[in-house]
Amino acid sequence: MASDAALDATILCSEKQFTNRMKMTVMFPENCSVRFALLKSRNPIAPVNPSMDSYRIGTLLELARSIAIKLAEQNLRVRVCVQGSMGVGIFTGVPKQLNGVHTLLQRMDWESGPGEQNEGMVGDYVRFGLVGKEHVINAKKSEKEDEPDVEQDDVFLIICPQNMIGLESSIIGSLSEMVDAAGDRPVILLNPDLVDKVSAQGQQSIRGRQGRLDFAASFETIYQFQNIYYSGTSYFPILGSVVKLGPFEPWVAHQRRDLMNNEGEVYLPVYASETAPDNEVLMSTFAK
């Protein structure tokens, strides 16, 4: 469903009916069997929330692959990006959740080899890059007859862009430059975390803070599946989930309820709105 939402939003963007700044929040709990009344299904799902100890990068990359292939099947050229090293001098680094992800992306089985289902897709319709304006490729006519023209990137899928604790630089700078360079082409953020983090000299907390907040808020949600917990550091018990299944679909809150005789759990829709419900609305709804 996430890949369908990405395709729908991309089509709407091409028709000038939706912004090109999009985000998807897809976070599942460890070994949670969720059954939505509206879906009539029960699916074991693995965690793709980078803040969890049980976070599995493989599951997240499979999701990114599914989205990229869905778009490429429509003859759209997709650039899948992961942020590179941030910081200055010796104070540089990559968020530990993303360490090695750029390499893993290229080593994944895309079934793009000779005779495979997606033969020739990688390199032509699916490309890889980092976060930054230099990784936005525009169409260019070849100056040599024996060299093919350069085809532009049509969609940008950016995996988990986030700031790092302790660094005086923010991912917002490189990301905003990349979005500007992309023009009106869709930029999809997958599980972004664009909030400021604690830094030694307070750069992320004070300097340019409002501009960073405004930039982060400019991305519209096209798909969301996020669990709701009690406040605190624990991811248990799960109270319910907030779901948005497409760019123009409503926000729906589902409350988790236990089935009789320890036969599992069910998530039932208890609230719907055109805007994302805040914590106060969710808590009051679940308390009824």
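Scroll up for the structure.
Residues numbered from 1 in each chain as written. Predicted model: local features only at pLDDT ≥ 70, side-chain atom pairs only at ≥ 80, totals over all residues. Heavy atoms only, no water.

Trainee: Would you take a moment to explain the overall build of the protein chain for this structure?
Mentor: The secondary structure content of the protein chain amounts to six helices and 13 strands. Buried positions account for 46% of the 288 residues belonging to the protein chain. Taking as baseline every contact in the protein chain between residues at least 6 positions apart, the subset at least 24 positions apart corresponds to 62%. Roughly 15200 Å² of accessible area belongs to the protein chain as shown, and the carbon and sulfur atoms make up 49% of that amount. (Helix = DSSP H or I, 4+ residues; strand = E, 2+ residues; numbered from the N terminus. Buried < 20%, exposed > 50% of the residue type's maximum accessible area, 1.4 Å probe, protein only. Contact = heavy atoms within 4.5 Å. Areas by Shrake-Rupley, 256 points an atom, 1.4 Å probe, with all protein chains shown as cover.)

Trainee: Explanation requested: the nonpolar core in the structure shown.
Mentor: The nonpolar side chains of a soluble globular protein tend to be buried with one another. Judged by nonpolar contacts, the single largest core of 41 residues is most densely connected at M24, L105 and I159. Once you skip the residues sitting within four places of it in the chain, M24 turns out to touch A2, A6, I67, I188, L189, L190, N191, P192, I222 and Y223. In this structure, I158, M178, V187 and L194 belong to the second largest nonpolar core, which totals 16 residues. (Core = buried A, V, L, I, M, F, W, Y, C linked by side-chain atoms within 4.5 Å.)

Trainee: Could you clarify how one ought to interpret the pairing of strand β4 (residues 78–82) in this entry?
Mentor: Consecutive residues of a regular strand have side chains that alternate between opposite faces of the sheet. Counting buried residues along β4, five of its five residues qualify, which places the element largely inside the surrounding structure. Burial of the side chains of β4 extends over both faces: V78, V80 and V82 are buried on one face and R79 and C81 on the other. As judged from the five bridges shared by β4 and strand β7 (residues 126–130), these two strands associate in the parallel manner. Counterpart to V82 in the pairing with β7 is L130. Sheet topology note: the β4/strand β8 (residues 155–159) ladder contains four bridges and is parallel. Bridge assignment links V78 to a residue of β8, and that residue is V155. (Pairing = 2+ DSSP bridges.)

Trainee: What is the right way to read a negative patch on the surface from this model?
Mentor: Negative charge collects at one region of the surface, where D109, E111, E116 and E119 lie side by side. Relative to the helices and strands, E111 is located in the loop between α3 (101–107) and β7. Residue classification places E111 among the partly exposed residues on the basis of a relative accessible area of 32%. (Patch = residues over 30% accessible without salt bridge, like charges linked within 9 Å, V, L, I, M, F, W, Y side chains within 5 Å. Salt bridge = Lys/Arg side-chain N within 4 Å of Asp/Glu carboxyl O. Lys, Arg positive; Asp, Glu negative; His and termini not counted. Charge placed at Lys NZ, Arg CZ, Asp CG, Glu CD.)

Trainee: How should the packing of helix α1 (residues 2–14) against helix α2 (residues 57–72) be read in this particular structure?
Mentor: When two helices pack together, their arrangement is given by the angle between the helix axes and by the axis-to-axis distance. At a minimum axis separation of 9 Å, α1 and α2 run at an interaxial angle of 40 degrees. Put simply, α1 runs oblique to α2. The two elements α1 and α2 meet at a crossing, and its hand is right-handed. Residues A2, S3, D4, A6, L7 and T10 of α1 lie in contact with α2, whose contacting residues are L63, S66, I67, K70 and L71. Tallied by class, residues from the contact of α1 with α2 come to six nonpolar, three polar and two charged. (Axes fitted to C-alpha atoms, helices over the stretch in contact; angles between N-to-C directions. Parallel < 35°, antiparallel > 145°, perpendicular 65-115°, else oblique. Left-handed = near helix turned anticlockwise from the far one by under 90°. Nonpolar A, V, L, I, M, F, W, Y, C, P; charged D, E, K, R; others polar.)

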